[in-house]
Amino acid sequence: MLFKNLGLSAELVDAVTKQGYSSPTPIQSQAIPTILNGKDILASAQTGTGKTAGFTLPMLHLLSRNPKSNKPRPVRALILVPTRELAAQVNESIVTYGKNLSLKSAVVFGGVKIEPQIRILRHGVDILVATPGRLLDHASQKTVDLSSVEILVLDEADRMLDMGFIHDVRRVLKLLPKKRQSLLFSATFSTKIKNLADSILNSPVTIEVARRNTPAEQVAQVIYNVDRKRKAELLSHLITSQNWQQVLVFTRTKHGANRLAEKLDKDGIKASAMHGNKSQSARTKALANFKDASIRVLVATDIAARGIDIDQLPHVVNFELPNVPEDYVHRIGRTARAGREGEAASLVCVDEHKLLHDIERLIKKDISKKVVPGFEPDPSIKPEPIRKPRGPRPERKATFEKTKSSKPQRRPQRSKKLGTQKNQKTRSERKRRQSK
Ligand code: AMP
């Protein structure tokens, strides 16, 4: 896939080529044509996936193809972001990608003097990048008019809500025209995000790309070395002896998930299986039971790695390591969400040493290894080849509504690092907002 095939103007293709981008990232190849088509999108993507160019490029294209002659220029695109450094970064991208166009952008955030921002806004800007609090300050002083906004981007919506900006966001929304194109980006999808999305987006196209390959720092990872035939027994032992109450367990196959759920049930641990062979209603029920703690263990294939969002999920277990190392990152990302602590345990037998090696190489970290007394691996057992699930991972397709890519994301280096001073200003902005 090439940028020039996505429908972008020659000016924009030239700008990205000059940045040294040879091809679009998965979020870009999905988001760009969709946005160019005028559709709303609900995109799951983290920083590092190239999401900024994913919305900036089509936005620049749409605005430049349909110029307005009003003087001063009205704000036609608004990008709401949670932090000052992100605002600066997004504006930098707009300037970089839009250098061949005559569109003007500006950035407003708190923690700095408002007057210079007022002067810039007075001259008119086409694209405004803003943190919600400072934008509302401008709106209340009537130094910004948002009644001509055609495109709204909510970037890092989950962080925005975590930081308590929901009311500010809703107040900003009231200042925008009802008829507009809206794009929402979030790394996670809690109920709150879904509610927000429902109230903002109009028949959105859902786009999901893999998380980048850095497991959440809060996840405590541990490997339990054990023989292949004793894994189920060890899992029951861990759950009961360590009193784990809510455990999401990943197996490689659907049959494996069924078998394990049955075995746990027999051991007196309430469990259900969730995978692509189950009906949607059975899956919904299993998930609901897991969430309300009517069952203690949900045994799932990788289908659950993406669809599940459970607040405070404390334990993820890899009953078998995934065949694709990136899926490990994805699976363990189900715990320690929203800054909370979590634990990811992997039961590893002699067959899986190569998979483990690949995972450790991907995450650039040695995971600590443990052996539970009474479950010492038998050194005479020889490795056996791991059978891959049949078919081209069919169950994953069913997980997503419209488009998705399960390909791992490269995390390219940023051209500029934002310094400590800026981070301090972000903190002061947050404090300021909290004290309001
Ligand atoms: P983002 O996820 O938007 O924060 O982007 C992360 C980094 O990826 C930034 O440094 C971008 O310059 C870079 N980037 C964005 N798109 C591409 C691409 N298609 N090829 C290579 N690097 C990219």
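Here goes a summary of the coordinates provided.

What counts and how
- Residues numbered from 1 in each chain as written.
- Predicted model: local features only at pLDDT ≥ 70, side-chain atom pairs only at ≥ 80, totals over all residues.
- Helix = DSSP H or I, 4+ residues; strand = E, 2+ residues; numbered from the N terminus.
- Buried ≥ 20, exposed ≤ 12 C-beta atoms within 10 Å, placed from the backbone.
- Contact = placed C-beta atoms within 7 Å.
- Pairing = 2+ DSSP bridges.
- Axes fitted to C-alpha atoms, helices over the stretch in contact; angles between N-to-C directions.
- Parallel < 35°, antiparallel > 145°, perpendicular 65-115°, else oblique.
- Left-handed = near helix turned anticlockwise from the far one by under 90°.
- Nonpolar A, V, L, I, M, F, W, Y, C, P; charged D, E, K, R; others polar.
- Core = buried A, V, L, I, M, F, W, Y, C linked by C-beta atoms within 7 Å.
- Arc of directions from axis to C-beta.

### Some words on the overall build of the chain
Move 1: Secondary structure assignment for the chain yields 17 helices and 15 strands.
Move 2: Per-residue burial for the chain yields a buried fraction of 44% across its 436 residues.
Move 3: Considering only residue pairs separated by 6 or more positions, the chain has 78% of its internal contacts joining residues 24 or more positions apart.

### Topic: helix 2 (residues 26-36)
Move 1: Counting buried positions over the 11 residues of helix 2 gives 9, a clear majority of the element.
Move 2: Three or more residues of helix 2 are buried, namely Pro26, Ile27, Gln28, Ser29, Gln30, Ala31, Ile32, Thr34 and Ile35.
Move 3: In the segment just after helix 2, Gly38 is the residue with positive phi, at about 85°.

### Side note on the sheet that holds strand 10 (residues 271-274)
Move 1: An order of 10-11-9-12-13-8-14 is seen for the 7 strands of this open sheet, with the pairing classed as parallel. Edge positions in the sheet fall to strand 10 and strand 14 (368-370), since each has one partner strand and no second. Each neighbouring strand pair of the sheet contributes to a mean axis angle of 25°, computed without reference to strand direction.
Move 2: As judged from the 3 bridges shared by strand 8 (residues 219-225) and strand 14, these two strands associate in the parallel manner. Each residue of the ladder has a partner; that of Ile223, found in strand 14, is Lys369.
Move 3: Running over the sheet, helix 11 (residues 254-266) touches strand 9 (247-250), strand 10 and strand 11 (297-300) and is turned about 175° from strand 10.

### So, the packing of helix 14 (residues 325-332) against helix 15 (residues 353-363)
Move 1: As a packed pair, helix 14 and helix 15 sit with axes 8 Å apart at the nearest point and diverge in direction by 70°. One way to sum up the angle between helix 14 and helix 15 is to call them roughly perpendicular. Note on packing geometry: the crossing formed by helix 14 with helix 15 is right-handed. Contacts between helix 14 and helix 15 involve Pro325, Glu326, Tyr328 and Val329 on the former and, on the latter, Asp358, Ile359, Leu362 and Ile363.
Move 2: A breakdown of the residues in the contact of helix 14 with helix 15 according to their chemical character gives 6 nonpolar, no polar and 2 charged.

### Quick word on unusual backbone geometry
Move 1: One non-glycine residue with positive phi stands out, namely Ala293, at about 70°.
Move 2: Residue position: Ala293 is located in the loop between helix 12 (280-291) and strand 11.
Move 3: C-beta crowding within 10 Å serves as the criterion here: with 10 such atoms nearby, Ala293 is assigned to the exposed category.
Move 4: Residue Lys364 is not a glycine yet carries a positive backbone phi of 55°.
Move 5: Residue placement: Lys364 occurs in the loop between helix 15 and strand 14.

### Considerations on the nonpolar core
Move 1: One finds Ala43, Leu78, Ala130, Leu154 and Leu184 to be the most contacted residues of the largest nonpolar core, which totals 64 residues.
Move 2: Ignoring any residue separated from it by four or fewer positions in sequence, one finds Leu154 in contact with Leu80, Met160, Leu184, Phe185 and Ile200.
Move 3: Residues Leu287, Leu298, Val329 and Leu355 belong to the second largest nonpolar core, which totals 40 residues.

### Notes on the pairing of strand 2 (residues 77-80)
Move 1: Neither face of strand 2 is exposed, since Ala77 and Ile79 on one face and Leu78 and Leu80 on the opposite face are all buried.
Move 2: The sheet contact formed by strand 2 and strand 4 (residues 127-130) spans 4 bridges and is parallel. In the strand pairing of strand 4, Leu80 is matched with Ala130.
Move 3: Pairing of strand 2 with strand 5 (residues 151-154), which is carried by 4 bridges, proceeds in the parallel orientation. Residue pairing across strands places Leu78 opposite Leu152, the latter belonging to strand 5.

### Focus on helix 9 (residues 191-200)
Move 1: Restricting attention to buried positions, one finds in helix 9 the residues Ile193, Leu196, Ala197 and Ile200. Taken around the axis of helix 9, the buried residues stretch over an arc of 100°, which confines them to a single face. Exposed side of helix 9, more than 90 degrees from the buried face: Thr191, Asn195, Asp198 and Ser199 are the residues found there.
Move 2: Elements in contact with the buried residues of helix 9: strand 1 (41-44), strand 5, helix 7 (157-162), helix 8 (166-174) and strand 6 (181-186).

### Concerning the pairing of strand 7 (residues 205-209)
Move 1: Taken across its 5 residues, strand 7 has 4 buried, putting it largely inside the fold.
Move 2: Sheet analysis places strand 1 next to strand 7, joined by 4 bridges and oriented parallel. Bridge pairing in strand 7 links Leu42 to Thr206.

### Focus: the packing of helix 2 against helix 3 (residues 51-65)
Move 1: Viewed as axis vectors pointing N to C, helix 2 and helix 3 meet at an angle of 25°, and their least axial separation amounts to 8 Å. Between helix 2 and helix 3, the crossing angle belongs to the class labelled roughly parallel. Two packed elements cross with a definite hand, and for helix 2 against helix 3 that hand is right-handed. The residues of helix 3 that touch helix 2, namely those facing Ile27, Gln28, Ala31, Ile32, Ile35 and Leu36, are Lys51, Ala53, Gly54, Phe55, Leu57, Pro58, Met59, His61 and Leu62.

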